[in-house]
Amino acid sequence: MTSRRRSFIRKIVYLVIIALFLPLLYWLGHPATLDTETDKGSPGGMLAQQRTDQKLDQVYLGKIDPTSETLKLATLGMRGIAANILWTKGIEYQKKKDWTNLSATLNQIVKLQPNFIDVWRHQGWNLSYNCSAEFDDYRERYHWVIKGIDFLKLGTTYNQREPRLLRDIGWFIGWKIGRADEHEQFRLLFKEDDDFNGARPQNERDNWLVGKQWFRKAENLIDTEDVSLRGMKSPVVFRSQAAMCQMNCADATEKDGKFGEVAKRQWQQAAKDWSDFGRLPIPTTDGRTVHLGEVARLHNDRRQLLKQLDDLAPGVRENLFKEKESRLTDEQRKARNTPEHLRPPEQFALAAEAEAFLEVEPHEIVRNHDMPRENQAEAKNLLEKITILESLIRITESYRGIVNYDYWKLRAEVEQEKGMLDARKATYAGNTALSKGDLTTAMKEFADASASWIAMLSKYPILMTDRTTTDDIGDLLESYGKALDQRDQLFPSDFALAEFVRMQVKESPKTYQIRNSLQKAEEAESEGDLATAATFYEKVLQVWRGIIADLPSLEQRSDPATADVILAMIRKYADVLKKLDRPVPSDFILHQFVRVQMEHDPETRAAQLAIERSERALDRGELSAARKDYEQGFALWRRVLDRYPTLIADGTLGEELIEVIDQYRQLLKRQKVDMPKDFILQDVLDRYGQR
Amino acid sequence: MVIETEQIPFHEWILWASLNWLLVVAALAVTGLFLSSLIAVVRHGPARGLELTFRVVGSSFADLFCMSPRRVWALTWLAIKDSLRRRVVIVFVLFLILLLFAGWFLDPGSDHPLRLYISFVLTSTSYLVLLLMLFLSAFSLPADLKSKTLHTVVTKPVRPSEIVLGRMLGFILLGTFLLVLMGAMSYVFVARGLAHTHEVIPSSLKVVQPGDDAAKGDVPLKGKSTSVNNHRHDVALDRKGRGRLEMTQDHFHRVIRRKQGDKTVYEVGQPEGMRIARVPVYGKLRFMDSQRQEKEAGTNVGDEWSYRSYIEGGSLAAGVWSFEGVTPEQFPERLQVEMTLGVFRTWKGDIEQGIAGVLLLRNPKTGLTVEAKIFPAREFSTDVHQIARKLTPETVYYLKREEDSDGLVKKVKYVREEITGHRKSQYDLFDDLTDDGRLEIWLQCLDPNQYLGVAQADMYLRARDASFALNFMKGYFGIWMQMVLVVGFGVMFSTFLSGSVAMIATVGMLIGGFFRAFMIKLAMGETYGGGPVESFIRLLTQDNVVSDLPAGLRTTVAQTTDAVLQKGLLVVAKLLPPLREFDCAGYVAYGFNISADWIAEQGLTTLSFAVALFVVGYFFLKTREVAK
């Protein structure tokens, strides 16, 4: 056989072998085809079917992009390495602030590995949060926030079954735009952004509402497809976010200056969304499912069961309680009997301990020997039910705590109230008027807002302890205070929120320190140990200074009663110092507070007027009239100084008075009269006259 | 544009470079002569060996200086034909395919699309041409030797030098032809890829001045355009309906309003202002601190990238650029100052307001300083400031000399003064503020506790614009020079190595050439972790790269060995061509003219390497049996 012939036969054999393998190859790998109007599609070969079954097929992931496929092929199976190199280059570009090349590199990375979710998430965040922050111009920053969002949106086209990307988009649109330092500017830019919003109507261009839509998309995907968040965020937090977007939208609507029906509708929707959220089944970490909105029903069920248990063993609970009560220690009993607002910190723990001990547990009733024998089986059954129910209540309440369920429920309800809408509207109008310098309108609006707030606080006393409410009212008091300060006025004596301020002082943990130090000061004073008394009074005043720092409106007498209490304390302190024959220290810690009180005292004004009169008379050369007015002025100043005894240590005032006294002295000289021996402001003269 | 290495003017460079080159050539010649004599002596004994060596050296003068251009051209043509037989045209086809599909990978919606397009075409051309030349030059001579074709050639009266030169010229000519074709196609690709137009949205047009009635026409209008390539422009029209689609993505469009019957149409032109080649005049930067003491650098604000130094706001701190050649001939109408600044805020301040900076012009001789511009800084974008020839500042600063009774200068004070009646209120840029073409521009930050970041290349005077097409060609010239070096090394290695080994050696040179700067840094001990032995110890002991190794014998031995190795690395690195320096894609992409100095310096560098490689290649070929 010639070599040529051998070669020919060999080729034929190869062809036959290839032909034999073709059916096997077809069976294994032929692609799936879709159903059309004329043909029924094919499920494809074994590999195609396996991919379909395991949902690994590209069509299940998202868009098949020729660019991406080309790049993957071009890297000859080394796309992981290529992506790593690009990632490193991206870091270098970012370091050198080469934003054009950074964007281009990210595009290449995601084309190489379009289904690597963490790449999308990490770089989306990087663009929106890190790169955007590098720019000084807030418009550029917004542009880069949107770049990050667009990047994630592109990711969703490649990964259509990935709720994490949808959730991230919702978060970026909601929280990044709505919570950044530049949120006011960002929200405006978002509204004007035709490229991002497309055909979305203007009134729907609220970042929180758009964010909510993306959260809803993520929820729908999880609810309708067999996908999960895969380790990201707890389900309860994730499920709360769409409703939280609505809450934030309502809040932002008011901050934008829209009130009335518009704001009310947003809060109504927020309340509805929150209520819907409360009805959702939330999986817990221990495999159970809870409904956050059903805790009241659970408590009710528990009460019913406990009642049934008590009915099975009449009088047992009461007996057990009495027995436990008899076993309390004296300290516990004392703590329990002390009213809550009078308890020192150590008694809080003792009282709580006592209350917990006194709680009669269901198992104590079931196991009690007084339980009738015939009811024991039923009681055990009830105990089992109660135990399960209590565990469910505990976990539901714990989950409610994670999302602050009660607070937001209350907030959404309260914010719809007319009183609250009025309070917010008036506050906004007051702030706007204040920024324009229209003090009359500002003060009127602030007064109206205060009246609306106090009405709401009376209706919902729980708001008194709510941090957001106290912060909001704190802001109102600050703005009102600024307006009053510019008019050189104090809060009106019938100020509507005076009671709120008083409550804040009463609720302050510092109040106990005041009580404690005051008690010690009074004890020392009564024992004649004035030095110790002075020390404790100083401590009291230091705590008061802390409270004034927390509630600066107190200085302007937002609560006259509290302001008077502080003044009374100052007088006591001054009195003790006087007895000790010690001067009031020049760095007295409540100088500013006292000065404000003094400046707004009618007698101060009268004293100032008398001095002004005397100066005018002096100019006219009417020496007797001037002298009379000076003496009247000094008498008035004497009363002011007696009312505010620490004022003597106020150097500025001292210098001013010395100047006036010098004028008076000159006048007397001209009249050839000596300075009186019992000069009414001798203490001022003694303290400042030598300077 | 970021320029991390300063360009040295040609007249400063040439002296140093020539001296350096001569020293290296002399060192190489002496080393070569010594080594070849040594080998000859070992092989043939001292007398015969030395005689042979001197004979070879003597005949080499004739070979190198008496080459026949006709024979060189014939061999060049032979190399070209040989290459064409090897289907070099495939590279061209590959390039075409790349361009066809490039649109998929390039995002015309990028903030600076031209940069992406230019980087892409220059990079892909560079890769393809260098790879092609690598294969051609490394395999050509060894293949001829193997197929004995070269034996036929050497039977003719040709000199080995002509063979080496013919090969080199052949490949270079072929590569040049390919580069010209690729360059032309790339230019068309870039121009077409970025061509687009927009439409004006009539409903978006609003009057600029309140009270104007748009319906009556003939009023200035502002509005928006449609979005194309992921961007839209603000539209500004004057009373006559002429105007611009304002600058976005580095370009603008002209627009004109026309009436067509009852309808009003807006004709929008193609993008402009994108393909430019600015001719910058750079100055020397120095810094003043808040006490007005001269410093080499400004404040470090903790940025990982230390390219920019920062100027403290609300203080006397300043960045001072000293320019030369600021003459009325160079800047006949006005001074165009262009800047790219960094901004660092230590506190939020007013979000809607940029950090304020001020430009002061100062005569370096008289010290007269006038306030030219107060501006809000715009980060990461080129800020353009036109400074008129006649300045009417509100404030001037000048040097005041206090003299004693003998007329001797006692003290020189810097005085700031508001313009009042007794002072001149108008200053001429050239008469008052420059001294023989020298001008200082001071940049200060006005906002207290905020900072402006600058580097030397961040501010320049824009003298004029050169041709973009010519600049694009210069970009290709950079690739051409890299190609010449690859051919030179490939042919040189192929004169004494087999094809594949020659290719590996050339690839090694390529890699070394691209990482030359890093190698020098490594050899100078400027990297963390020490030399190779010290680094190896750190790897084994998992020690970090910054702490000192414990003192002892091991460390002493390692560091001594490293010192020797580093010296060797330094010699190797210095012998490698600085390939990265030939890459000027950045200049073209960022719209900066490639200077004649750059062309001259890199061109001479290439030529000097090519000559050296040719001579070395010739000696290697001459010593081979076949060439005798």
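Analysis parameters
- Residues numbered from 1 in each chain as written.
- Chains lettered and ligands numbered in written order.
- Predicted model: local features only at pLDDT ≥ 70, side-chain atom pairs only at ≥ 80, totals over all residues.
- Heavy atoms only, no water.
- Helix = DSSP H or I, 4+ residues; strand = E, 2+ residues; numbered from the N terminus.
- Rg over C-alpha atoms; globule rule 2.2 N^0.38 Å.
- Buried < 20%, exposed > 50% of the residue type's maximum accessible area, 1.4 Å probe, protein only.
- Contact = heavy atoms within 4.5 Å.
- Areas by Shrake-Rupley, 256 points an atom, 1.4 Å probe, with all protein chains shown as cover.
- Lys, Arg positive; Asp, Glu negative; His and termini not counted.
- Charge placed at Lys NZ, Arg CZ, Asp CG, Glu CD.
- Pairing = 2+ DSSP bridges.
- Axes fitted to C-alpha atoms, helices over the stretch in contact; angles between N-to-C directions.
- Buried area = accessible area lost by both parts, 1.4 Å probe.
- Salt bridge = Lys/Arg side-chain N within 4 Å of Asp/Glu carboxyl O.
- Polar contact = N/O pair within 3.5 Å; in protein donor to acceptor, adjacent residues only side chain to side chain.
- Nonpolar A, V, L, I, M, F, W, Y, C, P; charged D, E, K, R; others polar.
- Expected span 1.5 Å × (residues − 1).
- Parallel < 35°, antiparallel > 145°, perpendicular 65-115°, else oblique.
- Left-handed = near helix turned anticlockwise from the far one by under 90°.
- pLDDT = per-residue confidence, 0-100.
- Domains from an automatic or database assignment.
- Phe/Tyr/Trp six-rings, centres within 6.5 Å; stacked < 30°, edge-to-face > 60°.
- Lys NZ or Arg CZ within 6 Å of the ring centre and 35° of its normal.

Trainee: When you look at the overall build of chain A in this model, what are you seeing that I'm missing?
Mentor: A count of helices and strands for chain A gives 33 helices and 2 strands. On C-alpha atoms alone, chain A measures out to a radius of gyration of 39 Å, which is more than a quarter above the 26 Å that the 2.2 N^0.38 rule sets for 691 residues. For chain A, the residues scored as buried account for 46% of the 691 residues in total. Restricting to contacts in chain A with at least 6 residues of sequence separation, those with at least 24 account for 67%. As displayed, chain A offers around 36700 Å² of accessible surface, 53% of which is attributable to carbon and sulfur atoms. Here chain A contributes 102 positive and 109 negative side-chain charges, whose respective centroids are spaced 6 Å apart.

Trainee: Help me out: how do you make sense of the overall build of chain B in this one?
Mentor: Assigned secondary structure in chain B consists of 15 helices and 23 strands. Principal-axis analysis of the C-alpha atoms places the extent of chain B at approximately 100 × 85 × 55 Å. Every one of the 628 residues in chain B was classed for burial, and the buried ones make up 46%. Across chain B, contacts joining residues at least 24 apart in sequence account for 71% of those joining residues at least 6 apart. Computed over 68 positive and 62 negative side-chain charges, the inter-centroid distance for chain B is 9 Å.

Trainee: Before we go on, may I ask you to explain the sheet that holds strand β7 (residues 277-282) of chain B in this structure?
Mentor: Where strands meet in a sheet, backbone hydrogen bonds hold them as pairs that are either parallel or antiparallel. All names here are of chain B. Spatial ordering of the open sheet is given by β7-β23-β12-β16, a layout of 4 strands whose pairing is antiparallel. The open sheet has two edge strands, β7 and β16 (383-388), and neither has a second partner. Between one strand axis and the next, the sheet turns through 40° on average, direction left out of account. Bridge count between strand β12 (residues 334-339) and strand β23 (residues 459-466): 3 bridges; the pairing is antiparallel. Bridge pairing in β23 places V337 opposite L461.

Trainee: Explanation requested: the pairing of strand β6 (residues 263-268) of chain B in the structure shown.
Mentor: Consecutive side chains of a regular strand alternate in pointing toward one face of the sheet and then the other. All names here are of chain B. In this structure, strand β5 (residues 251-260) lies alongside β6, joined through 6 bridges in antiparallel fashion. Residue V255 lies in a different strand from β6, and its bridge partner there is V268. Linking β5 back to β6 in an antiparallel pair, the connection comprises 2 residues, with G261 at a positive phi of about 65°.

Trainee: Even after reading the chapter, I still don't get the interface of chain B and chain A, so can you show me in this structure?
Mentor: By a widespread convention, an interface's size corresponds to the accessible area lost as its parts come together. Each partner contributes to the interface: chain B provides 25 residues, whereas chain A provides 26 residues. Regarding the contact of chain B and chain A, the summed buried area is about 2300 Å², with carbon and sulfur atoms giving 53% of it. At the boundary of chain B and chain A, one finds 4 salt bridges. Among the ionic pairs, D195 of chain A bridges to R232 of chain B, the shortest N-O distance being 2.3 Å. Summed over the shared surface of chain B and chain A, the number is 6 residue pairs in polar contact (both at pLDDT 80 or more). Its residues assigned to classes, the side of chain B that touches chain A comprises 10 nonpolar, 4 polar and 11 charged.

Trainee: Would you mind showing me how to read helix α9 (residues 468-494) of chain B here?
Mentor: Given 3.6 residues to a turn, an α-helix orients residues that are three or four positions apart in the same direction. Residue and element names in this part refer to chain B. With 27 residues, α9 should reach 39 Å at 1.5 Å per residue; the first-to-last C-alpha distance of 39 Å fits that figure. The element α9 is extensively covered by neighbouring structure, given that 22 of its 27 residues are classed as buried. Looking at where α9 begins, the residue whose side-chain oxygen comes 3.3 Å from the main-chain nitrogen of A469 is S467.

Trainee: Help me understand helix α24 (residues 467-486) of chain A, please; the structure alone is not making it clear to me.
Mentor: Residues and elements named next belong to chain A. Look at α24: 28 Å from first C-alpha to last across 20 residues, which is about the 28 Å you get at 1.5 Å a residue. Among all positions of α24, only T469, T470, I473, L476, L477, S479, Y480, G481, A483 and L484 are buried. The inward-facing, buried residues of α24 contact α22 (418-435), α23 (439-459) and α25 (498-507). Within two residues after α24, D488 carries a phi angle of roughly 55°, on the positive side.

Trainee: Just to check I follow, could you spell out the packing of helix α7 (residues 160-194) of chain B against α9 of chain B for this structure?
Mentor: When two helices pack together, their arrangement is given by the angle between the helix axes and by the axis-to-axis distance. Residue and element names in this part refer to chain B. Packing of α7 against α9 brings their axes to within 9 Å, and their N-to-C directions diverge by 150°. Taken together, α7 and α9 sit at an angle that is classed as roughly antiparallel. As α7 packs across α9, the resulting crossing turns out to be right-handed. Residue-level contacts link V164, R167, M168, F171, I172, G175, T176, L179, M182, G183, S186 and Y187 of α7 to F468, A469, F472, Y476, I479, W480, M483, V484, V487, G488 and V491 of α9.

Trainee: Help me understand the pattern of salt bridges, please; the structure alone is not making it clear to me.
Mentor: A side chain with one charge may pair with a side chain of the opposite charge, provided their charged atoms come close. Residues and elements named next belong to chain A. In the structure shown here, the tally under the stated rule is 88 salt bridges over all chains. For R121, the salt bridge is made with D168, and the minimal N-O distance between the two is 2.6 Å. Here the residue R121 occupies a position in helix α7 (residues 117-133), and D168 occupies one in helix α9 (residues 163-179), the gap between them amounting to 47 residues. Neither residue differs from the other here; R121 and D168 are each classed as buried. Connected through salt bridges with shared partners, the residues D251, E254, K255, R411, E415, R424 and D472 form a single ionic network.

Trainee: Would you take a moment to explain the confidence of the model for chain B for this structure?
Mentor: Regions with low pLDDT carry predicted coordinates that are not meant to be interpreted in detail. Residues of chain B with pLDDT of at least 70 account for 94%, and the chain-wide mean is 87. This complex was scored by the predictor with a pTM of 0.80 and an ipTM of 0.81.

Trainee: Please clarify how the packing of α22 of chain A against α23 of chain A should be interpreted in this entry.
Mentor: All names here are of chain A. α23 packs onto α22 with a crossing angle of 160° between their chain directions and a minimal axis gap of 8 Å. Between α22 and α23, the crossing angle belongs to the class labelled roughly antiparallel. Our pair here, α22 against α23, has a crossing hand that is left-handed. Residue-level contacts link G419, M420, D422, A423, R424, A426, T427, A429, G430, N431, A433 and L434 of α22 to L439, T441, A442, E445, F446, D448, A449, S452, W453 and M456 of α23. In terms of residue class, the contact of α22 with α23 is built from 12 nonpolar, 6 polar and 4 charged.

Trainee: In this structure, what is going on with the sheet that holds strand β10 (residues 309-312) of chain B? I would like to understand it.
Mentor: Residue and element names in this part refer to chain B. Ordered in space as β10-β22-β13, the 3 strands form an open sheet in which the pairing is antiparallel. Each edge of the open sheet is held by one strand with a lone partner, namely β10 and β13 (342-345). This sheet shows a mean twist of 30° between the axes of neighbouring strands, independent of strand direction. Strand direction decides the pairing type here: β10 and strand β22 (residues 450-454), joined by 4 bridges, are antiparallel. In the sheet register, S309 faces β22, and the bridge partner there is V454.

Trainee: Is there a simple way to explain the domain arrangement of chain B in this structure?
Mentor: The domain boundaries assigned to chain B delineate domain 1 (10-195 + 466-627), domain 2 (202-268) and domain 3 (281-465). On a C-alpha basis, the centres of domain 1 of chain B and domain 3 of chain B stand 44 Å from each other.

Trainee: Which parts of the structure should I look at to understand the pairing of β7 of chain B?
Mentor: Residue and element names in this part refer to chain B. Of all 6 residues making up β7, 5 are buried, and the element is well covered by its neighbours. Bridge count between β7 and β23: 6 bridges; the pairing is antiparallel. Paired with Y282 across the two strands is Y460, which belongs to β23.

Trainee: It is not clear to me how the packing of aromatic side chains should be interpreted in this structure. Could you clarify?
Mentor: The geometry of an aromatic ring pair comes down to the distance between the two centres and the angle between the two planes. For the structure on display, the rule yields 50 aromatic pairs over all chains. Summarising the aromatic geometry, the rings of W99 of chain A and F380 of chain B are spaced 5.5 Å apart at their centres and angled 80° between planes, so their arrangement reads as edge-to-face. Residue W99 of chain A is found in helix α6 (residues 99-112), and its partner F380 of chain B is found in the loop between β15 (369-376) and β16; the two belong to separate chains. The side chain of K153 of chain A reaches across the aromatic face of F196 of chain A, ending 4.1 Å from its centre. Geometry around F592 of chain B places R278 of chain B over its ring, the cationic atom sitting 4.9 Å from the centre.

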